[in-house]
Amino acid sequence: MRVTVAVNGITHQVDCHPSTLLVHLLREELELTGTHVGCDTSSCGACTVILDGMAVKSCTVLAGQADGREIETVEGLADDHRLSPLQQAFADNFALQCGFCTSGFLMAGTAFLRENPEPSEAEVRKALEGNLCRCTGYQHIVDAILSTDTSGDQR
Ligand code: FES
Ligand code: FES
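Throughout what follows, the structure given in this document is the object of discussion. Values in this document were obtained by computation on a predicted structure and should not be read as measured data. (Residues numbered from 1 in each chain as written. Chains lettered and ligands numbered in written order. Predicted model: local features only at pLDDT ≥ 70, side-chain atom pairs only at ≥ 80, totals over all residues. Heavy atoms only, no water.)

### Describing unusual backbone geometry
For the record, the criterion: Secondary structure elements follow DSSP: runs of H or I no shorter than four residues count as helices, runs of E no shorter than two count as strands, and numbering proceeds from the N terminus. Residue exposure (1.4 Å probe, protein chains only): buried if accessible area is under 20% of the type maximum, exposed if over 50%, otherwise partly exposed.
Of note in the backbone geometry, aspartate 80 takes a positive phi value of approximately 55° without being a glycine. Tracing the backbone through its elements, the reader meets aspartate 80 in the loop between strand E5 (70-72) and helix H2 (85-92). Aspartate 80 sits in the exposed class, given a relative accessible area of 71%. Phi angles above zero are rare outside glycine, and histidine 81 is one such case at about 70°. Mapped onto the elements, histidine 81 comes out in the loop between E5 and H2. What makes histidine 81 exposed here is its relative accessible area of 79%.

### Quick look at the sheet that holds strand E4 (residues 54-57)
Short version of the rule: DSSP-based pairing: two strands are paired if at least 2 bridges between them are found. As a rule, the C-alpha atoms of each element are fitted with a line to give its axis, helices using only the stretch in contact, and angles between N-to-C directions run from 0 to 180 degrees. Residue contacts follow a heavy-atom distance rule, with two residues in contact if any of their heavy atoms lie within 4.5 Å.
A sheet is described by the order of its strands in space; here five strands give the open sequence E2-E1-E5-E3-E4, paired in mixed fashion. Across the chains shown, the open sheet's two edge strands, defined by having one partner strand only, are strand E2 (10-15) and E4. Pairwise comparison of adjacent strand axes, ignoring direction, gives a mean angle of 40° for this sheet. Alignment of strand E1 (residues 2-7) against E5, held across two bridges, turns out to be parallel. By the bridge assignment for E5, valine 7 is matched with isoleucine 71. Where helix H3 (residues 102-115) meets the sheet, its contacts fall on strand E3 (48-51), E4 and E5, and the angle it forms with E3 comes to roughly 35°.

### A word on the side chain of serine 58
This is how it is decided: In protein, a polar contact requires one atom able to donate a hydrogen and another able to accept it; more generally it is a pair of N or O atoms within 3.5 Å, and residues adjacent in sequence count only if both atoms are side-chain atoms.
Tracing the chain through its elements places serine 58 in the loop between E4 and E5. Reaching out from serine 58, the side chain makes a polar contact with the backbone oxygen of cysteine 47 at a distance of 2.6 Å. If near-sequence neighbours (up to four positions away) are discounted, serine 58 is found in contact with Leu21, Leu22, Val23, Thr35, Cys47 and Val49.

### Structural notes on the environment of leucine 32
Of note, leucine 32 is situated in the loop between helix H1 (22-29) and E3. Accessibility expressed as a relative area gives 15% for leucine 32, which makes it buried. Between the C-alpha atom of leucine 32 and that of leucine 83, which follows or precedes it by 51 residues, the distance is 18 Å. Not counting the four nearest positions on each side in its chain, leucine 32 is found in contact with Val7, Leu26, Arg27, Thr73 and Glu75.

The following block contains the structure:
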């Protein structure tokens with residue numbers, strides 16, 4: 001089947017098998033390897049991308065379900081090598097160690113902050129409950145999201 005997707009503002013047409021998962025389309029066909037596969041069972045959130053404005057686990061979405069839709073991945077967050085506000089907050093708050101989970105947290109956090117730019121800590125923790133991190137203990141990630149400058153565009 002042929003799938004047409006707009007990824008980070010660029011339209012791609014990709015021929016793929018009907019069983020291809022969105023995460024594999026992104027990583028293997030489009031070589032956008034910032035989206036990670038941690039579990040393949042919808043548990044870890046490492047594969048989170050933004051699909052038509054909603055954070056989704058791309059290991060749970062068929063590529064065909066993304067046909068004609070807009071996808072944002074971690075590669076689209078920085079603007080001309082300038083970090084997005086949330087990426088900058090992750091750096092400032094030491095919110096990553098090995099970094100394997102980070103792209104998923106950044107995409108989940110970006111979608112969340114667009115909807116709720118001034119969240120409480122409890123709201124942040126609730127929003128991120130689908131994302132797992134083996135390294136940080138979460139507090140620094142929560143701190144990063146709470147301290148993100150949401151006055152401008154949340155790419
Ligand atoms: S790889 Fe998708 S949730 Fe873990
Ligand atoms: S920073 Fe290593 S898993 Fe989150």
